[in-house]
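Here is how the chains run, residue by residue.
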Amino acid sequence: MALKSLWGRLTGREEEKPAPEAEAPPSATEIAAPEAPPAPEPEPEPEAAEKQGWFGRLRSGLSRSAARLTENVTSLFTRRRLDDEALEELEETLIAADLGVAAARRIVEDFRKTRFGKEVTAEEVKQALAESIAGILAPVAKPLVIDRGLKPHVVLVVGVNGTGKTTTIAKLGQQYRDQGLSCTFVAGDTFRAAAVEQLQVWADRTGASLVAPAKPGADAAGLAFDAMTAARAAGTDVLLVDTAGRLHNKSALMEELRKIVRIIKRVDPAAPHSVLLVLDATTGQNAIQQAKVFSEMVNVTGLAVTKLDGSAKGGVVVALAQEFAIPVHVVGVGEKAADLRPFEPGDFARSLMGLE
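Keep in mind that this is a model prediction, so the values were computed, not measured.

## Structural notes on the side chain of Asp 98
Position of Asp 98 relative to the elements: it lies in the loop between helix 5 (84–96) and helix 6 (101–115). The contact partners of Asp 98, leaving out residues within four places of it in the chain, are Arg 68, Gly 284, Gln 285, Lys 313, Gly 315, Val 316 and Ala 319.

## Description of the side chain of Thr 306
On the secondary structure map, Thr 306 appears in strand 8 (residues 302–306). Separated by 2.7 Å, the side chain of Thr 306 and the backbone oxygen of Thr 163 make a polar contact. When sequence neighbours within four positions are dropped, the list of residues in contact with Thr 306 reads Thr 163, Thr 168, Val 278, Leu 279, Asp 280, Ala 281 and Gly 332.

## Considerations on the nonpolar core
Grouped burial of nonpolar side chains is what soluble globular proteins tend to show. Counting residues in each nonpolar core, the largest one holds 83 residues, and the members touching the most others are Phe 77, Leu 94, Phe 111, Leu 129, Ile 133, Phe 294 and Phe 348. Other than its neighbours up to four places away in sequence, Ile 133 contacts Leu 99, Ile 107, Val 318, Ala 349, Leu 352 and Met 353. Counting residues in each nonpolar core, the second largest holds 22 residues, with Leu 144, Ile 169, Val 238 and Leu 340 among its members.

## Some points on the pairing of strand 3 (residues 153–158)
Taken across its 6 residues, strand 3 has 6 buried, putting it largely inside the fold. Of the two faces of strand 3, the one carrying His 153, Val 155 and Val 157 and the one carrying Val 154, Leu 156 and Val 158 are both buried. Alignment of strand 3 against strand 6 (residues 238–241), held across 4 bridges, turns out to be parallel. Pairing of His 153 across the sheet is with Val 238, part of strand 6.

## Some points on the sheet that holds strand 5 (residues 209–211)
Reading across from one edge, 5-4-6-3-7-8-9-10 is the order of the 8 strands in this open sheet, with mixed pairing throughout. Edge positions in the sheet fall to strand 5 and strand 10 (340–342), since each of these pairs with one other strand and no more. Neighbour-to-neighbour, the strand axes of this sheet turn through a mean angle of 25 degrees, independent of strand direction. Bridge count for strand 7 (residues 274–280) against strand 8 is 5 bridges, and the pairing is parallel. Its bridge partner being in strand 8, Leu 279 is matched across the sheet by Val 305.

## Notes on helix 13 (residues 316–324)
Those residues of helix 13 not exposed but buried are Val 316, Val 317, Val 318, Ala 319, Leu 320 and Ala 321. Elements that come into contact with the buried residues of helix 13 comprise helix 6, helix 7 (122–137), strand 7, helix 12 (286–297), strand 8 and helix 14 (345–352). Of the residues trailing helix 13, Ala 325 is marked for its positive phi of about 55 degrees.

## Observations concerning helix 7
Here helix 7 contains 16 residues, and its C-alpha end-to-end distance of 22 Å stays within 8% of the 22 Å for a straight helix at 1.5 Å per residue. All of the buried residues along helix 7 are Ala 122, Val 125, Lys 126, Ala 128, Leu 129, Ala 130, Ser 132, Ile 133, Ala 134, Ile 136 and Leu 137. Residues of helix 7 that are buried make contact with helix 4 (63–76), helix 5, helix 6, strand 2 (119–120), helix 13 and helix 14.

The rules behind these values
Residues numbered from 1 in each chain as written. Predicted model: local features only at pLDDT ≥ 70, side-chain atom pairs only at ≥ 80, totals over all residues. Heavy atoms only, no water. Helix = DSSP H or I, 4+ residues; strand = E, 2+ residues; numbered from the N terminus. Contact = heavy atoms within 4.5 Å. Polar contact = N/O pair within 3.5 Å; in protein donor to acceptor, adjacent residues only side chain to side chain. Core = buried A, V, L, I, M, F, W, Y, C linked by side-chain atoms within 4.5 Å. Buried < 20%, exposed > 50% of the residue type's maximum accessible area, 1.4 Å probe, protein only. Pairing = 2+ DSSP bridges. Axes fitted to C-alpha atoms, helices over the stretch in contact; angles between N-to-C directions. Expected span 1.5 Å × (residues − 1).

Next up, the structure:
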């Protein structure tokens, strides 16, 4: 074979190759049109996908709270009758999960009226708890609505240092800018240089303007007055005013906040139009005390509950709703602007109980 191949290359005559065998004619089934590929599954609508994504983040953020609560519930109810002893243990479980005494008693009384003496499973109890919790939360789930006719709508942001006031202002500012509203940040925590610098960074990122003190320790009320005057002249839509949070000196902080409110009213007697108290969920029952103190200082009109993503104490939101009935405007489960969202009681209650 090798000699024949070499002779062919030398003489220019290739070795003859056998003709390929003729293929058999295709059968009728082979001639038929090929099977159509499976239709792609419809993509979820953007709103549905976003909703699912947010619920996932909320459920993940509350996973520690849910684990703490549902573990005890599961151990309590293994196909047992809901008698007085079981109800007492359930109340203790709810209190330990930071839902507060008043809310725990209300939920247990609901159980006593509707399920007393019946055999229940842990899953049935979780479902019923989610419904009862949602019932407590529903009246306070109200968004922070910006009145576009005010120019500016003044939002005074209060809370102790470390709760996330400055980042909450930044996130709200980003969201308002995305809605086409012009925003100004007021760095009213004048004693904390870090707070002023942080707000400057966020103003640059979000395209908001910033009114900052000329020097540390400047008068916060005077700064608010200048900001109000400039915002009104410029027709700014939203003015977000940061404030100090040195609660260890309650009397001085109270006087400072009241002074800011008095000075703002000189420009607009109806201002501030919203007073947003920022609470850190990781502090648990301390958030209750903070709500009491700041409600004494200023007329708190709404709450922002932050850091639910790192907390095993998410039940405190239920305690706040039961005790104060102050609107919960937004909750936060992360660092991005999209992680601060309007409060949804049903989603929150189901996430708190570890339900889909």
